[in-house]
Amino acid sequence: MNNPSAIVFDIARCSLHDGPGIRTTVFLKGCPLDCFWCHNPESKSYQPITTTDPKTGTTKLIGHSMTVAEVMAIVEKDMDYYAKSEGGLTISGGEPMTHPIFVKALAKSAKEKGIHVAIETSGMAPWPHFELVMPYIDLFLYDYKDSHGDRLRANTKGDLKQIEENCQRLLDLGQAVTRRCLIIPGINDSEAHLSAICALSLKHKPCYQAVDILLYHNLGQAKATNLGIPSTINNLRNLDNKKDIHRITQIIQGYPHKSIFLKGKLI
Amino acid sequence: MHLEKRIEIMEHFTTTYQTTPHLPKAVREITCMATQFPDVFVLPKEKDRFVGRFIMLPVGHGLEWAHLGGGDLIEDRKAQTTHKGASIPEMNSAGPSYYGHVDQLIAMTTTTDNKDLLKRLKALIDFWSVNDTHTQMAKQFSSEHDPSLFDADINNFLPPILILTRLSGIEMDYTLLLEKGLVGFKDHLSALMADHPNDYISAGAKGLALVEKSIHHYIEGLKLKKDTGNKPQLEPIVTSLLALLQGPPQTFHDALQLIFLYSQLAGVVNYGRMDDTLGSFLEKDLSTGLISEQDALEDIKSFWHLINESCNRGNGRVIIGGAGRKNPQAANLFVKLALQATIETKIPKPQLTLRMDPSTPESLYDLALDAIGQGCTFPMLYNDAVNVPALAKAMDVPLKDAQQYVPYGCGEYIINGRGTGSPNVCVNFTKILQLALNKGYDPFDGTYRGGEFDFLDPLSFTSYSHLERYYYSYLDYVLSTTVAYQHESYQYLASKSAFVLPGLLMHDTLKRGKPMLDGGIRYYSGVNEFYGFTNAIDSLQAIKEVVYDHKQFTLNELVQSLNTNFDEKGPLHPIQKALSNAQKFGNDLDDVDALAIRLHEHACEHIRTEGKKAGLHSFLAVNINNNANTRWGLKTGASYDGRVSGEHLAPGNNPHSGRDENGITAMLNSVSKFRPEIHAGYVQNLKCSPDLFNNERAKLKMIFSTYFDQQGGTQLMVNVMDQSTLLEAKKHPEKYPNLLVRCGGFSARFVELDEKTQTEIIERTCNA
């Protein structure tokens, strides 16, 4: 297929937090995981969905099929900003690694235009998918959701073993990887998980870039409510506050670690 | 000053005006002014470091328009009694020409029971309600043009055109005044007259004598004040005033004092390139150790307060940075202190404006971003690399003069000390579309406001391009009326006034021996304020998609539905929904942006060409907006972009609030698509959360530099504020007395804005 398509549920231009510089983030629909805290609950299913705002009754179709060329037409609009800021394209989801053919074609097309390509992944995809896209990806933004396999499976349906094996293979093959660790209150904000993150930061080499600690923000719940999607989030509190930041920083500083960032600052 | 004294001065002015029609107009003007000045000058307030405050009486002579200045929605009458808004006594934005602000006089009658005073006020009201220059001009114009199209009452936002007789935005070149001093300047005028006797120049000498008289007045007043109590800060003022009677200003303080005092008498409320004007004085005083940086900073802060308290909110520009400065190194000393003064004072004026070019170092740009990040709303950022060459073409001036461009007021460009560029007309593009599709009847209230035009039946359009051509033809008709007003109002002003004092510092009045509007000014230009421009773009695009591309509804169905405001009640009307779903300007979308570029080119070229024909050096579009977008929106019916009747129109050149959904880069790409070579100032607002602006500063800087360097962005004004803070401030104004916001063409304390303007600002897209 020369111009494959995928179900895209959003394209966020001028995205400042999905990799280096100023970027355009393309969100592909569908994810094999089922994290109950998901901040994009509308992205889980692989098909377009129609949502109804419970307040106004307004309906909205989320997700539509787009070809690589159509996506690139939008991505290319901010070329000047990428060039100035060393930014580029980030492919996100859902889980983009479950759309390997589309991702490969999109990433290849971007690389041909000289655009830096990053991909946001949970790592929950068969290894051959990674092999397929790898030549066209400059940076993997690779989740580290939990250090505890059973808990990960219970909360997300994810397979820690597969995820970590994929990651290690990427690193072994010299792929640039930044680990992204979302800290969720009551789930993985424990000393045990934070210390595991520290250990991970020392283990990864040689192309490991950094660990970004991301703090849970209660965005998904409000989003689910507005879209009329049943929410699985049970009133988790936001972690983006001085007290929790201080606590998390303190724990991390108690263990040997390397290149761990929290809110853009090196811990 | 008590009421009787005020009335006495106004009566003296009025009788002088009545008895001097035989005098040459320049001489008559100074003679009339001398009945008020220097008596209306008041002594400095406690912390003032300069003199020049004066009481602006409702009757007098001036340049500007006292009612405007981003006027509040608060009723004018109320504004008189509460002293809110632009009509505050002691505010010097007076004019135009010989004015008698009847509403203010009426307000005065509510402050006394004294029958004699009331009778005297009534006599003033009777005279000025007929003889006020703007009133007379509007009357004359109405007799020659269809009056259904415009209104002389600028608070009546019903017709598609607003007319304002004024000579707004003059920014003087103070060089001659500072180099020669008052004494030398008078000698210079005498020498000119020796060769060619000339009423205008002779009046100029009288005007300078009035400045000197004002200085004497202050010296006497300050001496008396000193006698009644020891006020040490008066000493430097007296020293400067005495020096100014002897010769040219020697110090930074002398120069600033002369500039402020002269500007008050001249009626000028925008100060131009102060860094260029004052840089060498500052550099000299700092290098000789006469003053410290802290002393200079305190002087500038005092100057800032005086500007803030002496002119209405749509004025008070001070320009720093940029190409074409005589001594950039010295000027940059002023730039740094000006930015610091803005950070430390946090007041709505001056409207500090940073022109960016290679002679303005990165460190000053960073300091500017710090000021913005702290919620100052200033400085506004202007891109010389684009603006200078563009303005050379737009205004048809040499590059050297284009380098002297300055934005004034709400963002109109003018050539500092070399050109006029008053916006004497405003047009509402959205309303013009509604009139075009309703055969001249305004769907807002059913009144005919179409002028003399052969309207077509909307049913007759066979294609979108047919409709667009029709809209353009009606637009041309309306815009041609604005060209006529611009020119005729200048001519009318010229028949009444010479504008002597401001004119002396404008090229080439002395060389030509003529007042500004009689052929003296180098560039006899004007501008037209566009409103509802974005809504017209979105409206045309929505009609194109809904009626012609997708055939969801007929044009007739749209017109009917809009005329009943989408039936108002109930859930979103299907027509409104269809219109809302169409492409919107501000998202970097090719179709709607192409339409926007077409409309921009058409309208700008039309007035530019017609303006030239009318004899103006240039007549250009500005898309600046104070809060007239909100005020005009209140009187504009539902529009074809899905906007409901009474909702604000989009501010400046921005997307309509909340409709830019593709992020900052897309918005900036859209707004920078308009060709800058055919307009004289389009302004862009960008609202950012403090979190974004301050924590992602490096990335934002890259966005800004891409916008300026690669996209050809001309201008940016950044509002850094929390959405939650705005909502809180609306609920609990008492807790946020100093929260500054950028409305569009002016900044203001949020809590002092009317509710509708507050809502418009809250609804703007906030990038977080």
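Residues numbered from 1 in each chain as written. Chains lettered and ligands numbered in written order. Predicted model: local features only at pLDDT ≥ 70, side-chain atom pairs only at ≥ 80, totals over all residues. Heavy atoms only, no water.

(A) Structural context of the overall build of chain A. Tallying secondary structure elements over chain A gives nine helices and 12 strands in all. Each of the three principal axes of chain A carries a C-alpha extent, and together these read 50 × 50 × 35 Å. Within chain A, the fraction of its 267 residues that count as buried is 53%. Of all intrachain contacts in chain A linking residues separated by at least 6 positions in sequence, the fraction that spans at least 24 positions is 68%. Side chains of chain A give 30 positive and 27 negative charges; the mean places of these two sets differ by 2 Å. (Helix = DSSP H or I, 4+ residues; strand = E, 2+ residues; numbered from the N terminus. Buried < 20%, exposed > 50% of the residue type's maximum accessible area, 1.4 Å probe, protein only. Contact = heavy atoms within 4.5 Å. Lys, Arg positive; Asp, Glu negative; His and termini not counted. Charge placed at Lys NZ, Arg CZ, Asp CG, Glu CD.)

(B) Structural detail: the overall build of chain B. From N to C terminus, chain B includes 30 helices and 18 strands. Against the globule reference of 27 Å for 768 residues, chain B gives a C-alpha radius of gyration of 26 Å, in line with a compact fold. Its C-alpha atoms give chain B principal-axis dimensions of roughly 80 × 60 × 55 Å. Each of the 768 residues in chain B was classed as buried or not, and the buried ones make up 66%. Total accessible area computed for chain B in this model is approximately 25,100 Å², and 53% of it derives from carbon and sulfur atoms. Averaged over its 74 positive side-chain charges, chain B has a centre that lies 2 Å from the centre of its 90 negative ones. (Rg over C-alpha atoms; globule rule 2.2 N^0.38 Å. Areas by Shrake-Rupley, 256 points an atom, 1.4 Å probe, with all protein chains shown as cover.)

(C) Fine view of unusual backbone geometry. All names here are of chain B. That bond from K349 to P350 is cis: its omega, 5°, falls within 30 degrees of zero. For P350, the location among the structural elements is in the loop between α13 (328-345) and β6 (351-356). Residue D508 is bonded to the preceding H507 through a cis peptide linkage, with omega at 0°. Within the secondary structure, D508 sits in the loop between α19 (500-504) and α20 (509-512). The backbone of D588 sits at a positive phi, close to 60°, despite the residue not being glycine. Note that D588 resides in the loop between α23 (574-581) and α24 (590-614).

(D) Representation of the interface of chain B and chain A within the structure. Listed by partner, the interface residues are 23 residues for chain B and 15 residues for chain A. Summed over both partners, the interface of chain B with chain A buries about 1,600 Å², with 53% contributed by carbon and sulfur atoms. Put simply, chain B and chain A have four salt bridges between them. In this structure, B:D709 engages A:K84 in a salt bridge whose closest nitrogen and oxygen atoms are separated by 3.2 Å. In this assembly, chain B and chain A are joined by 12 residue pairs in polar contact (both at pLDDT 80 or more). Breaking the side of chain B that touches chain A down by element, the ones donating at least two residues are α26 (663-671) and α28 (697-710) of chain B. When residues in the side of chain B that touches chain A are grouped by element, the largest group, eight residues, is from α28(B). Class assignment for the residues of the side of chain B that touches chain A results in eight nonpolar, nine polar and six charged. (Buried area = accessible area lost by both parts, 1.4 Å probe. Salt bridge = Lys/Arg side-chain N within 4 Å of Asp/Glu carboxyl O. Polar contact = N/O pair within 3.5 Å; in protein donor to acceptor, adjacent residues only side chain to side chain. Nonpolar A, V, L, I, M, F, W, Y, C, P; charged D, E, K, R; others polar.)

(E) Spatial organisation of the pattern of salt bridges. Inspection of the entire model under this criterion finds 61 salt bridges over all chains. A salt bridge links A:D34 to A:K44; the shortest N-O distance between them is 2.8 Å. Here the residue A:D34 occupies a position in the loop between β2 (23-28) and β3 (49-52), and A:K44 occupies one in the loop between β2 and β3, the gap between them amounting to 10 residues. On the basis of relative accessibility, which here comes to 30%, the residue A:D34 falls in the partly exposed class. One salt bridge connects B:K673 with B:D588, and the closest N-O pair in it is separated by 2.9 Å. One end of the pair, B:K673, is in the loop between α26 and β13 (679-682); the other, B:D588, is in the loop between α23 and α24, with 85 residues separating them in the sequence. One network of salt bridges, with partners in common, ties together A:R13, A:K77, A:D78, B:D588, B:D590, B:D593 and B:K673.

(F) View of helix α9 (residues 242-253) of chain A. Residue and element names in this part refer to chain A. The end-to-end C-alpha separation of α9 is 16 Å, in line with the 16 Å expected for 12 residues at 1.5 Å each. Buried within α9 we find D244, I248, T249, I251 and I252. Looking down the long axis of α9, one finds its buried residues gathered within 160° of arc, a one-sided arrangement. Across α9 from its buried face, at more than 90 degrees, point the exposed residues K242 and K243. The elements touched by buried residues of α9 are β9 (177-183), α7 (191-203), β10 (208-215) and β11 (260-262). For α9, the N-terminal cap is N241; the gap from its side-chain oxygen to the backbone nitrogen of K243 is 3.1 Å. (Expected span 1.5 Å × (residues − 1). Arc of directions from axis to C-beta.)

(G) Region of interest: the confidence of the model for chain B. All names here are of chain B. Here chain B averages 91 in pLDDT, and 94% of its residues register 70 or above. Under a pLDDT of 50 for its full length, residues 67-93 has, in the predicted model, 79 contacts with residues more than four places off or in other chains. Interface confidence for the predicted complex, expressed as ipTM, amounts to 0.90; the pTM equals 0.93. (pLDDT = per-residue confidence, 0-100.)

(H) Structural context of helix α14 (residues 362-373) of chain B. Residues and elements named next belong to chain B. Compared with an ideal rise of 1.5 Å per residue, which puts 12 residues at 16 Å, α14 spans 16 Å between its outermost C-alpha atoms and is within 8% of the ideal. Listed as buried for α14 are L364, Y365, L367, A368, L369, A371, I372 and G373. Considering only its buried residues, α14 is in contact with α13, β6, β7 (380-383), α27 (690-695), α28 and β15 (715-720). Looking one or two places after α14, you find G375, whose phi comes out positive at around 85°.

(I) Highlighting the environment of A:L219. All names here are of chain A. Note that L219 resides in helix α8 (residues 219-227). A residue is classified by how much of its surface remains accessible, and L219, at 49% relative accessible area, is partly exposed. As for L219 and K111, which are separated by 108 residues in sequence, their C-alpha atoms are 33 Å apart.

(J) Seen up close, the sheet that holds β13(B). All names here are of chain B. Pairing is mixed across the open sheet formed by six strands, whose spatial order is β3-β4-β10-β11-β12-β13. Either end of the sheet is taken by a strand with one partner, and the two such strands are β3 (150-151) and β13. Of the pairings in the sheet, the one linking strand β11 (residues 525-531) to strand β12 (residues 618-623) comprises five bridges and is parallel in character. In the sheet register, G526 faces β12, and the bridge partner there is F619. (Pairing = 2+ DSSP bridges.)

(K) Empty space enclosed by the protein, seen in detail. Residue and element names in this part refer to chain B. With the rule as written, the count across this model stands at 10 cavities of 30 Å³ or more. Lining the largest cavity are 23 residues, with F37, H61, G62, L265 and G267 sitting closest to its centre. At the level of secondary structure, the elements contributing two or more residues to the lining of the largest cavity comprise α2 (25-33), β1 (59-62), α10 (252-266) and α19. Per-class residue counts for the lining of the largest cavity are 16 nonpolar, six polar and one charged. (1 Å grid on protein atoms, 1.4 Å probe; cavity = no way out; pocket = protein on both sides within 12 Å on 5 of 7 lines; lining within 4 Å. Points joined across faces, edges and corners; volume = space filled by probe spheres on them.)

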